[in-house]
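Results of the structural survey
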Amino acid sequence: MIPMKPTLLILALLGLVTVATPRAQAADAIPDRPEKLKFPDLSFQPPGAQQYRVQLKSGPVAYVIPDRELPLVNLSILVRCGEYLDPAGKEGLASLTGTLLFQGGTEKMTAEELEERAAFLAAHFSTSVAGTSGNASVNLLSKDLDEGLGLLRDILTTPRFQQNKLELLKDQMTQEMKQRNDDSSDIEGREVSHLGFGDAFWMNRDFTAKSLESITHDDLVVFHRRWFHPANFVVAVSGDFDRDAMIAKLEKLFADWPFKGETPPPIPTDLKFAKPGVYVVNKDVNQGRVNILLPGIMRDDPDLFAAHVMNDILGGGGFTSRIMNRVRTEEGLAYSAGSALQAGTYFPSPFMASCQTQSRKVTYAVSLILGELKRMTREPVTDEELTTSIKSKIESFPRAFASKAQIAGLFAQEEFTGRYAKDPDFYKNYRDKLRAVTKADIQRVAQRLLHPDQVALLIVGQRDEILKGHPDHPERLHDFAGGNVVELPLRDPMTLEPQGAAKPIAKPTP
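Residues numbered from 1 in each chain as written. Predicted model: local features only at pLDDT ≥ 70, side-chain atom pairs only at ≥ 80, totals over all residues. Heavy atoms only, no water.

Observations regarding the overall build of the protein chain
- Regarding its fold elements, the protein chain presents 19 helices and 13 strands.
- The principal-axis extents of the C-alpha atoms in the protein chain amount to approximately 95 × 75 × 40 Å.
- Evaluated residue by residue, the protein chain yields a buried proportion of 47% over its 510 residues.
- A sequence separation of at least 24 residues applies to 79% of the contacts in the protein chain between residues at least 6 apart. (Helix = DSSP H or I, 4+ residues; strand = E, 2+ residues; numbered from the N terminus. Buried < 20%, exposed > 50% of the residue type's maximum accessible area, 1.4 Å probe, protein only. Contact = heavy atoms within 4.5 Å.)

Quick look at the structure:
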């Protein structure tokens, strides 16, 4: 506290003067409203990938980042393989192989012994193959690193694929198949994929009872030995270690691989987006699931940043987005409503706007969402919308680099998917490219991507109730997507073949 003269102290005690102490001065500086708070500009520079990147002599590229905060090590290996490599008639092979690399034991240890040893070390091993990649990872105490790496090498080079574990996993997948039509969300996800990519696309060749039955232990061995080898690996490792010592351990981990694998073929990109129309799957549930689909974009598209800001304002920004405000806040039709635009790495993923609402309210909700798509193309966004979206993305940007494990994983993913080679300064330039987005850019990209008359509209719910429409609003299903309304049959859960033919739904008579 600031020392006071005796006379001033006496007057202060008598209440005749007010003394401005440092605490009082600080209190006076506090604004009376939250929106008046002022914060200094965020100062953050993302790390560069090159400072962590190591080309190992044994084959893989590794991102190596020491982190002494905790006595732990996190190591993850991305593998160039995926479900797209499943042979015809053996769908599910990649998934089974990935899961059983760890769960099926090794030549030295049974599955039970391996699981017990991992538990004793408090080490978490995980292996999988899904989509366009495989993964093998371990998290363990740094004092157990050498033993953990030895176990990881055995998992990757000499998996046992124990027969009883294979049969157990097949049984679990069979039970999963039987439930494919139980939940409307599962039906929705499956049919979104078929509409967005086409029936023949590899993503829609899921496992069936017949394909699971055909998969043998030898099939797993062949799949593993073809794709799991160091030339197909990208590594991320962070934690309590010396960098040079870890590089030496990684060289040893991948050296003298016992078999020579293959380079996988390119990931197929022969998708076929559905014809414009309304596609209805009849399911007796009390709420209809709505998905409005349009063709998407690739992540190297020149309009990427404008498209992301556009989608954020339209429906991706939660409670600040137009679709959420219109469908939920103003009309109370749905608990959640919004849109998603996930730029594709190997092929474009569809743009989606979605909600879930009562059957009779589905058509009105669809009309509101389509109305917001049209408005985005016809008029510029506001200055406030643009500023809010860009500031939100810029201010959340540092979260991607919050931990050393996140940094290593992010850069390994960039290496794996090829963006580092094509655009090594992507994250360095990220915020400047966001700041450069204008209202004209957003309207232009909206006009390019959002065509309400060309949507594939999927609805899963009570067909007859949905066809009736909202009692207080005139919109009906035949008012959308050119009036082409088709009922899609449910698929047999064990074969995934449609249980019947798709049937046009005639427009109800007034």
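Still more to cover.
Quick look at the pattern of salt bridges
- One pass over the full model with this rule turns up 30 salt bridges.
- With a shortest N-O distance of 3.0 Å, Asp-464 and Arg-463 are connected by a salt bridge.
- Residue classification places Asp-464 among the partly exposed residues on the basis of a relative accessible area of 45%.
- Through salt bridges with shared partners, one network takes in Asp-301, Asp-303, Asp-441, Arg-444 and Arg-448. (Salt bridge = Lys/Arg side-chain N within 4 Å of Asp/Glu carboxyl O.)

Digging into the packing of aromatic side chains
- Scanning all chains against the criterion turns up 24 aromatic pairs.
- Consider the rings of Phe-233 and Trp-257, whose centres lie 5.8 Å apart with planes at 80°: the pair is edge-to-face. You can see Phe-233 sitting in strand S6 (residues 233-239) and its partner Trp-257 sitting in the loop between helix H10 (243-254) and strand S7 (277-282), a full 24 residues away along the chain.
- Classification of Trp-257 as buried rests on a relative accessible area of 14%.
- Geometrically, the ring pair formed by Phe-305 and Tyr-430 is edge-to-face, given 5.6 Å between the ring centres and 65° between the ring planes. With Phe-305 in helix H11 (residues 304-316) and Tyr-430 in helix H17 (residues 426-435), this residue pair connects regions lying 125 residues apart in the sequence.
- Three or more aromatic residues joined by ring pairs make a cluster, and in this case those are Phe-44, Tyr-52, Tyr-63, Phe-305, Phe-397, Phe-401, Phe-411, Phe-426, Tyr-427 and Tyr-430.
- Looking at Arg-80, its charged tip hangs above the ring of Phe-416, at a distance of 4.7 Å from the centre. (Phe/Tyr/Trp six-rings, centres within 6.5 Å; stacked < 30°, edge-to-face > 60°. Lys NZ or Arg CZ within 6 Å of the ring centre and 35° of its normal.)

Things to note about the sheet that holds S7
- One open sheet holds the seven strands; their spatial order is S9-S10-S8-S11-S7-S12-S13, and the pairing between them is mixed. Two strands bound the open sheet, and with one partner strand each, they are strand S9 (337-340) and strand S13 (503-504).
- On the sheet, helix H12 (residues 322-330) packs against S9 and strand S10 (351-358) and is oriented at approximately 155° with respect to S9.
- Packed onto the sheet, helix H13 (residues 362-378) meets strand S8 (287-294), S10 and strand S11 (456-461) and runs at close to 150° relative to S10. (Pairing = 2+ DSSP bridges. Axes fitted to C-alpha atoms, helices over the stretch in contact; angles between N-to-C directions.)

Some remarks on the environment of Met-109
- By secondary structure assignment, the location of Met-109 is in the loop between helix H3 (93-103) and helix H4 (111-120).
- For Met-109, a relative accessible area of 21% translates into the label partly exposed.
- Separated by 23 residues in sequence, Met-109 and Asp-86 place their C-alpha atoms 28 Å apart.
- Filtering out sequence-adjacent residues up to four positions away, Met-109 remains in contact with Leu-114, Arg-117, Leu-151 and Arg-160.

Here we look at the sheet that holds strand S2 (residues 61-66)
- Spatial ordering of the open sheet is given by S1-S2-S6-S3-S5-S4, a layout of six strands whose pairing is mixed. One side of each edge strand has no neighbouring strand; the edge strands of this open sheet are strand S1 (53-55) and strand S4 (124-130). The sheet shows a mean angle of 15° between the axes of neighbouring strands, direction not considered.
- Bridge count for strand S3 (residues 72-79) against S6 is seven bridges, and the pairing is antiparallel. By the bridge assignment, Val-79 is partnered in S6 with Phe-233.
- Lying over the sheet, H10 contacts S1, S2, S3 and S6, oriented at roughly 145° with respect to S2.
- This element, helix H15 (residues 404-417), spans S1, S2, S3, strand S5 (133-141) and S6 of the sheet and lies at about 170° to S6.

With respect to the environment of Lys-90
- Relative to the elements of secondary structure, Lys-90 occurs in the loop between S3 and H3.
- For the pair Lys-90 and Phe-207, spaced 117 residues apart in the sequence, the C-alpha separation amounts to 7.5 Å.
- Once residues lying within four places of it in the same chain are set aside, the contact partners of Lys-90 are Ser-211, Ser-214, Ile-215 and Asp-219.

Observations regarding the side chain of Thr-417
- As for its position among the elements, Thr-417 is in helix H15.
- For Thr-417, a relative accessible area of 15% translates into the label buried.
- Polar side-chain contacts of Thr-417 include one of 2.9 Å to the side chain of Arg-299. (Polar contact = N/O pair within 3.5 Å; in protein donor to acceptor, adjacent residues only side chain to side chain.)

Considerations on unusual backbone geometry
- Residues other than glycine seldom take positive phi values, yet Ala-122 does so here, at roughly 55°.
- Along the chain, Ala-122 falls in the loop between H4 and S4.
- Within the chain, Phe-161 stands out as a residue other than glycine whose phi angle is a positive 50°.
- With a relative accessible area of 0%, Phe-161 lands in the buried category.

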